[in-house]
Amino acid sequence: MATQVTVFGGTGYLGRDIVRHLAQAGTGRIRVAVRNPARAGATVGANRVEIIEADVRRPESVRRALEGSDGAVNAVSLYLPTRAVGFEDIHVTGAGNVAAAAREAGAALVHVSGVGSDAGSPQRYIRARGQGEQAVRAAHAGAVMVRPTVLFSARGGLVVQVLRVLRRTRVFPLFGYGETRLQPVHRSDVARAIVELLGRDDIDVCECGGPEVKPYRALVAQIASAAGLDLRPLPVPFPLWHAVALLAERLPGAPLTRDQVALMRADKIAADGLATLGIAPQALDTALQGLPASACS
Ligand SMILES: NC(=O)c1ccc[n+]([C@@H]2O[C@H](COP(=O)([O-])OP(=O)(O)OC[C@H]3O[C@@H](n4cnc5c(N)ncnc54)[C@H](OP(=O)(O)O)[C@@H]3O)[C@@H](O)[C@H]2O)c1
């Protein structure tokens, strides 16, 4: 097991849980590499961690963050590109920087990507994730790729995304007929797998999915029912979503992007990576028990 682990993206939704699991596993030193140390304290403060400044786009800062570490996790994400920072900067160049520095430091590396990553995809986000995996593999042959499906927890991820829409609109606009099949996985199961994988050199790729595969429409119904909310689904064709996203991308904060729409077009089903690690994934229902709708406003 690694004695000092640097986590990039340790302030994020998945990253915070990775830090928690590292602490629970008794990792000697946990270092969280963040862009803004002043903001990071509150989000990772509950765990005994060292905060260090780093931006994956700056190789020098990445190298410093990895000094003395024998383990590294890259859980950095970018969902919304800007003029200043594009998908390639974070998911390809940044990922390559972390991998190269981890190899130089002699650290084991777990790189978090996503199910469906494809370097040949015409979609920018999916392509960048696939090219990122290639950049990581080229720089650090021993790196492990972790590819989760959509993440959930009782108060976050898919659950919150669905509740936000349900609480604001009388109808729930579905992506197409809501037939895209998803396999939501609890973020804690993925975080546990990542900690386990830091000590394994026999696994290259670990796809992480939950115990159930369901159409998006059924998942929305399940979350609405658990929150006691009325669901009125409205099928919306993908070309219309695409047009709406084109406009929404121009609004502040871009509430919807064409990349998000593209992600919802293809099924997200994982190979059985968690079972290989002896992890029995939690069902969505378990996280939904006792869910008050107001908890996720
Ligand atoms: N959420 C999901 O449902 C899901 C599903 C499948 C795969 N994944 C993958 O899981 C990973 C984590 O996703 P997430 O949802 O937890 O992301 P998130 O909550 O958006 O967190 C992103 C993290 O990346 C950090 N970051 C962004 N730009 C950075 C930069 N230039 N240098 C250093 N750090 C930077 C952020 O740090 P600061 O903002 O604090 O600086 C933050 O800690 C990603 O690879 C994502 O693709 C997520």
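Residues numbered from 1 in each chain as written. Predicted model: local features only at pLDDT ≥ 70, side-chain atom pairs only at ≥ 80, totals over all residues. Heavy atoms only, no water.

S.K.: Before we move on, could you go through the sheet that holds strand β8 (residues 156-157) and cite the residues and values that matter?
M.R.: Sheets are built from strands paired through backbone hydrogen bonds, the pairs being either parallel or antiparallel. Taken in spatial order, the three strands of this open sheet run β8-β7-β11, and their pairing is mixed. Lying at the two open borders of the sheet, with one neighbouring strand each, are β8 and β11 (185-186). Bridge count for strand β7 (residues 151-153) against β11 is two bridges, and the pairing is parallel. Across the sheet, the residue bridging to Phe152 is His186, located in β11. In the packing of helix α1 (residues 13-24) onto the sheet, contacts are made with β7 and β8, and the angle to β7 comes to roughly 65°. (Pairing = 2+ DSSP bridges. Helix = DSSP H or I, 4+ residues; strand = E, 2+ residues; numbered from the N terminus. Contact = heavy atoms within 4.5 Å. Axes fitted to C-alpha atoms, helices over the stretch in contact; angles between N-to-C directions.)

S.K.: An account of the layout of surface pockets is requested, with residue identities and associated values reported.
M.R.: Reported here for the second largest pocket is a volume of approximately 270 Å³. Taken together, Leu80, Pro81, Thr82, Arg83, Arg124, Glu249, Leu251, Gly253, Ala254, Thr257 and Arg258 make up the lining of the second largest pocket. Class assignment of the residues belonging to the lining of the second largest pocket gives a composition of four nonpolar, three polar and four charged. Taken together, domain 1 (4-148) and domain 2 (149-186 + 208-269 + 282-297) each give at least three residues to the lining of the second largest pocket, which thus spans both. (1 Å grid on protein atoms, 1.4 Å probe; cavity = no way out; pocket = protein on both sides within 12 Å on 5 of 7 lines; lining within 4 Å. Points joined across faces, edges and corners; volume = space filled by probe spheres on them. Nonpolar A, V, L, I, M, F, W, Y, C, P; charged D, E, K, R; others polar. Domains from an automatic or database assignment.)

S.K.: Account for the nonpolar core, naming residues and giving values.
M.R.: Among the nonpolar cores identified, the biggest contains 33 residues, and Ile18 and Ile194 are the most heavily contacted of them. Elements that contribute at least two residues to this core include exactly β1 (4-8), α1, β2 (29-34), β5 (108-112), β6 (144-148), α7 (187-197) and β12 (205-208). With six residues, α7 is the single largest residue contributor to this core. Two domains share this core, each providing at least three of its residues, namely domain 1 (4-148) and domain 2 (149-186 + 208-269 + 282-297). Leave out the neighbours within four places in its chain, and Ile194 touches Leu14, Ile18, Val73, Val110, Val112 and Val146. (Core = buried A, V, L, I, M, F, W, Y, C linked by side-chain atoms within 4.5 Å. Buried < 20%, exposed > 50% of the residue type's maximum accessible area, 1.4 Å probe, protein only.)

S.K.: Run through the domain arrangement of the chain, naming residues and quoting values.
M.R.: Each assigned domain of the chain is listed with its residue range as follows: domain 1 (4-148) and domain 2 (149-186 + 208-269 + 282-297). If you average the C-alpha positions of domain 1 and of domain 2, the two centres end up 26 Å apart. Listed by partner, the interface residues are twelve residues for domain 1 and 17 residues for domain 2. Summed over both sides, the interface between domain 1 and domain 2 buries roughly 1200 Å², with carbon and sulfur atoms accounting for 65% of that surface. Among the residues domain 1 hides against domain 2, the three largest losses belong to Tyr13, Val115 and Pro148. Together they make up 44% of the total. The tally of links between domain 1 and domain 2 comes to one salt bridge. The salt bridge involving Asp259 is made with Arg124; its shortest N-O contact spans 2.5 Å. Connecting domain 1 to domain 2 are five residue pairs in polar contact (both at pLDDT 80 or more). Broken down by secondary-structure element, the contributors of at least two residues to the side of domain 1 that touches domain 2 are α1, α5 (124-139) and β6. (Buried area = accessible area lost by both parts, 1.4 Å probe. Salt bridge = Lys/Arg side-chain N within 4 Å of Asp/Glu carboxyl O. Polar contact = N/O pair within 3.5 Å; in protein donor to acceptor, adjacent residues only side chain to side chain.)

S.K.: Residue-level account of the site of the ligand, with values.
M.R.: Taken together, 23 residues lie around the ligand, and Thr11, Leu14, Arg35, Tyr79 and Arg129 are the ones closest in. Measuring from an oxygen atom of the ligand, one finds a side-chain N or O atom of Thr11 at 2.6 Å. Tyr79 has a polar side-chain atom sitting 2.6 Å from an oxygen atom of the ligand. For the shell around the ligand, the secondary structure elements donating two or more residues are α1 and α5. Looking at the shell around the ligand residue by residue, the class counts come to 13 nonpolar, six polar and four charged. A domain-level breakdown of the shell around the ligand finds at least three residues from each of domain 1 (4-148) and domain 2 (149-186 + 208-269 + 282-297). (Near = heavy atom within 4 Å.)

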